[in-house]
Amino acid sequence: MGCGSATRTHPNTCSILGVVSIEYREEPCKVALNLVKGMPFRWSLNPYMGCAHRCTFCYVRAFEARADRPSDDRYGRSIRVKVNVADILRRELARRSWKREVVALGSATDPYQPAEGRYRLTRACLSALAEARTPVHLITRGPMIVRDVDVLSEASRRAEVSVTFSIPTLDHDIWRKTEPGTAPPRQRLRAVKTLVDAGIKAGVGMAPILPGLSDRPELLDEVVRAARDAGATGIWANLLYLRPGTREHFLSNLARDWPELVAHYQALYGGRAYLSKAAGDPLRHSVARLREKHGIADRRAIRLEPPHDVEPLQLQMLDAAAISATSAASDAATVAKGNDLANVPPVSRRSPI
Ligand code: SF4
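Per chain, the residues get numbers from 1 upward, laid out in the order the sequence is written. Local features in a predicted model are, by the rule used here, given only for residues with pLDDT of at least 70; side-chain atom pairs are given and counted only at 80 or more, and totals for whole chains, interfaces and linings are based on all residues.

Caption draft 1: Geometry of the nonpolar core. In this structure, Val103, Cys125, Val192 and Met206 are the most contacted members of the largest nonpolar core, which totals 87 residues. Here, residue contact means that the backbone-derived C-beta atoms of the two residues sit within 7 Å. Once residues within four sequence positions are removed from consideration, methionine 206 is found in contact with Ile167, Pro168, Val223, Ile235, Ala237 and Val287. What we call a nonpolar core is a set of buried Ala, Val, Leu, Ile, Met, Phe, Trp, Tyr and Cys residues whose membership is set by joining through C-beta atoms within 7 Å. With C-beta atoms placed from the backbone, a residue is labelled by how many other C-beta atoms lie within 10 Å of its own: buried for 20 or more, exposed for 12 or fewer, partly exposed between the two.

And the structure:
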């Protein structure tokens with residue numbers, strides 16, 4: 001890849017609109033790893049900025065709004081491609097000061113969104129992280145990840161690696177209306193199975209669960225059961241949160257698709273971004289019971305693990321809300337202010353199950 005900037009436009013398949021035009025801006029970066037504060041990990045990495053999946057509930061819309069960039073229907077139609085990110089990452093990982101801390105990949109954008117098929121930046125970054133024996137946690141909705149089983153296997157042999165697939169629901173109607181640019185959730189489940197069968201640690205994050213839609217008991221049960229059948233090594237869930245920027249877009253789509261639920265959401269989220277504890281706890285308990293009922297655990301027949309002489313680093317199934325909020329803020333701050341992360345807020349509202 002060259003070091004100059006270029007812009008290309010490609011059609012992207014969209015589950016509701018058919019085909020939408022996406023602009024790809026090939027812009028080199030100066031920094032690859034973003035410093036994150038107040039989290040169980042300190043570093044995040046996002047090869048792309050903006051996400052062509054364009055989920056209606058996307059938390060990044062809130063950070064886009066704060067940065068004075070479009071957070072409405074225009075979000076995800078212009079993607080920044082950090083064409084040199086793997087070279088910059090290699091340079092950063094080669095520093096003597098690098099302590100092989102966990103790197104969270106894909107917290108502010110999906111690392112396996114359509115652009116990855118062409119640019120292969122996530123794959124190149126995973127190779128660099130493996131060479132540097134750096135632990136990785138990756139979160140995605142993209143089944144394209146199965147292309148990189150070879151790199152993920154090698155990375156898992158050299159450092160702790162875990163992958164989380166975001167699968168909030170298997171309901172076709174809810175998926176189509178809320179995730180216009182993603183592949184069907186059952187494809188993600190097949191990807192879970194492919195990775196787990198290869199010996200890679202891979203679990204499911206049910207996020208975000210939408211009140212009045214994907215929180216129905218039979219739908220929750222369906223996801224947990226399917227995750228168990230796919231061999232998921234763990235599962236967690238998180239509820240929708242609606243910060244300004246995300247809120248307006250989500251509620252306008254809700255009014256279009258489920259107008260009968262608008263009053264319900266206004267009652268639940270009126271004046272607040274998060275559900276109250278009283279409203280959220282029953283769902284958290286339900287998912288915890290389902291996890292026990294279906295016996296979700298790490299049952300891998302093959303376990304790819306680093307040699308014992310590699311210093312163990314506990315890599316947990318990371319809370320998507322926490323990752324997303326902090327790292328999206330990190331990237332937003334990085335884009336807006338160079339690499340000045342002084343304004344990155346700590347995450348104070350997390351609700352892992
Ligand atoms: S896949 Fe993730 S980052 Fe991309 S639009 Fe959906 S929620 Fe946002």
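Now that the structure has been shown, we can carry on.
Caption draft 2: Here's a closer look at the pairing of strand β10 (residues 201-209). For helices the rule is a DSSP run of H or I covering at least 4 residues; for strands it is a run of E covering at least 2, with both sets numbered from the N terminus onward. Most of β10 is tucked away: 9 of the 9 residues are buried. In short, DSSP must find at least two bridges between two strands for them to pair. Where strand β9 (residues 161-166) lies against β10, 5 bridges are found, and the strand directions are parallel. Bridge pairing links valine 163 to alanine 202 in β10. Here β10 runs beside strand β11 (residues 235-239); their pairing, made up of 4 bridges, is parallel. Residue isoleucine 209 lies in a different strand from β11, and its bridge partner there is leucine 239. Handedness of the β10-helix α8 (residues 217-230)-β11 crossover: right-handed. Seen with its strands pointing away from the viewer, a crossover is right-handed when the path leading from the first strand over the helix to the second is clockwise.

Caption draft 3: Geometry of the environment of glutamate 101. You can see glutamate 101 is positioned in the loop between α2 (85-93) and β7 (103-105). On the neighbour-count criterion, glutamate 101 (12 C-beta atoms within 10 Å) is exposed. Contact partners of glutamate 101, with chain neighbours within four places excluded, come to Phe41, Arg42 and Trp43.

Caption draft 4: Spatial organisation of the site of the ligand. Any residue whose backbone-placed C-beta atom lies within 6 Å of a molecule or strand is treated as near that molecule or strand. Around the ligand, the neighbouring residues are Cys51, His53, Arg54, Cys55, Cys58, Val60, Thr109, Asp110 and Arg141. Residues belonging to the shell around the ligand are distributed by class as follows: 4 nonpolar, 2 polar and 3 charged. Following the grouping adopted for this structure description, the nonpolar residues are Ala, Val, Leu, Ile, Met, Phe, Trp, Tyr, Cys and Pro, the charged ones are Asp, Glu, Lys and Arg, and the polar ones are all others, Gly among them.

Caption draft 5: Focus on the environment of valine 224. Relative to the assigned elements, valine 224 resides in helix α8. On the basis of neighbour counts, which here come to 25 C-beta atoms within 10 Å, the residue valine 224 falls in the buried class. Sequence separation between valine 224 and glutamate 292 is 68 residues; the distance between their C-alpha atoms is 9.9 Å. Valine 224 has contacts with Ile235, Val287, Leu290, Arg291, His294 and Ile296, leaving out every residue within four places of it along the chain.

Caption draft 6: Up close: the sheet that holds β9. Spatial strand order, β3-β4-β7-β8-β9-β10-β11: 7 strands in an open sheet with mixed pairing. The sheet is open, and its two edges are formed by β3 (33-35) and β11, each paired on a single side. Pairs of neighbouring strands in the sheet enclose a mean axial angle of 25°, with direction left out of account. Alignment of strand β4 (residues 43-45) against β7, held across 3 bridges, turns out to be parallel. Across the sheet, residue serine 44 finds its bridge partner in β7, namely alanine 104. Axis lines are fitted through C-alpha atoms, for helices just across the contact stretch, and the angle between N-to-C directions can take any value from 0 to 180 degrees.

Caption draft 7: Seen up close, the packing of helix α4 (residues 121-131) against helix α5 (residues 149-158). Contact pair α4 / α5: the axes reach a minimum separation of 9 Å and the direction vectors enclose 20°. Looking at the two axes, α4 sits roughly parallel to α5. For the pair α4 and α5, the crossing hand works out as left-handed. Touching Arg123, Leu126, Ser127, Leu129 and Ala130 of α4 are Val151, Leu152, Glu154, Ala155 and Arg158, all from α5. Residue classes in the contact of α4 with α5 are distributed as 6 nonpolar, 1 polar and 3 charged. Any angle that is under 35 degrees is reported as roughly parallel, and any over 145 degrees as roughly antiparallel; angles of 65 to 115 degrees are reported as roughly perpendicular and all others as oblique. The handedness criterion is simple: a crossing whose near helix is rotated anticlockwise from the far helix by less than a right angle is left-handed, and one whose near helix is rotated clockwise is right-handed.

Caption draft 8: Fine view of helix α7 (residues 185-197). What a helix should span is 1.5 Å times the count of its residues minus one. Under the 1.5 Å per step criterion, the end-to-end length of α7 is 19 Å for 13 residues, consistent within 8% with the ideal 18 Å. Residues of α7 that are buried include every one of Pro185, Arg188, Leu189, Ala191, Val192, Leu195 and Val196, and no others. Taken down its axis, α7 places every buried residue within 155° of arc, on the same side. If you follow the buried residues of α7, they end up packed against α5, β9, α6 (172-178), β10 and α8. Positive phi appears at glycine 199, one or two residues downstream of α7, with a value of about 100°. The directions considered for the arc run from the helix axis to the C-beta atoms.

Caption draft 9: Examining unusual backbone geometry more closely. Omega for the bond connecting alanine 207 with proline 208 falls within 30 degrees of zero, at -10°, which places this linkage in the cis form. Structurally, the position occupied by proline 208 is in strand β10. In the Ramachandran plot, aspartate 68 falls in the positive-phi region, its phi being about 65° despite a non-glycine side chain. In this structure, aspartate 68 sits in the loop between α1 (60-66) and β6 (78-81). Located in the positive-phi region is arginine 120, a residue other than glycine, with phi close to 55°. For arginine 120, the position within the fold is in the loop between α3 (115-119) and α4.

Caption draft 10: α2, seen in detail. Among all positions of α2, only Val85, Ala86 and Leu89 are buried. All buried residues of α2 lie within an arc of 90° about the axis, which places them on one face of the element. Packed against the buried residues of α2 are β3, β4 and α4.

Caption draft 11: Quick look at the environment of aspartate 87. Relative to the elements of secondary structure, aspartate 87 occurs in helix α2. Along the chain, aspartate 87 and alanine 128 lie 41 residues apart, while their C-alpha atoms are 8.5 Å from each other.

Caption draft 12: How the structure looks around the confidence of the model for the protein chain. Known as pLDDT, the predictor's per-residue confidence is scaled from 0 to 100. The share of residues in the protein chain with pLDDT of 70 or more is 83%, and the mean pLDDT across the chain is 86. This stretch, residues 319-353, has a pLDDT under 50; its non-local contacts, to residues over four places away or in other chains, come to 85 contacts.

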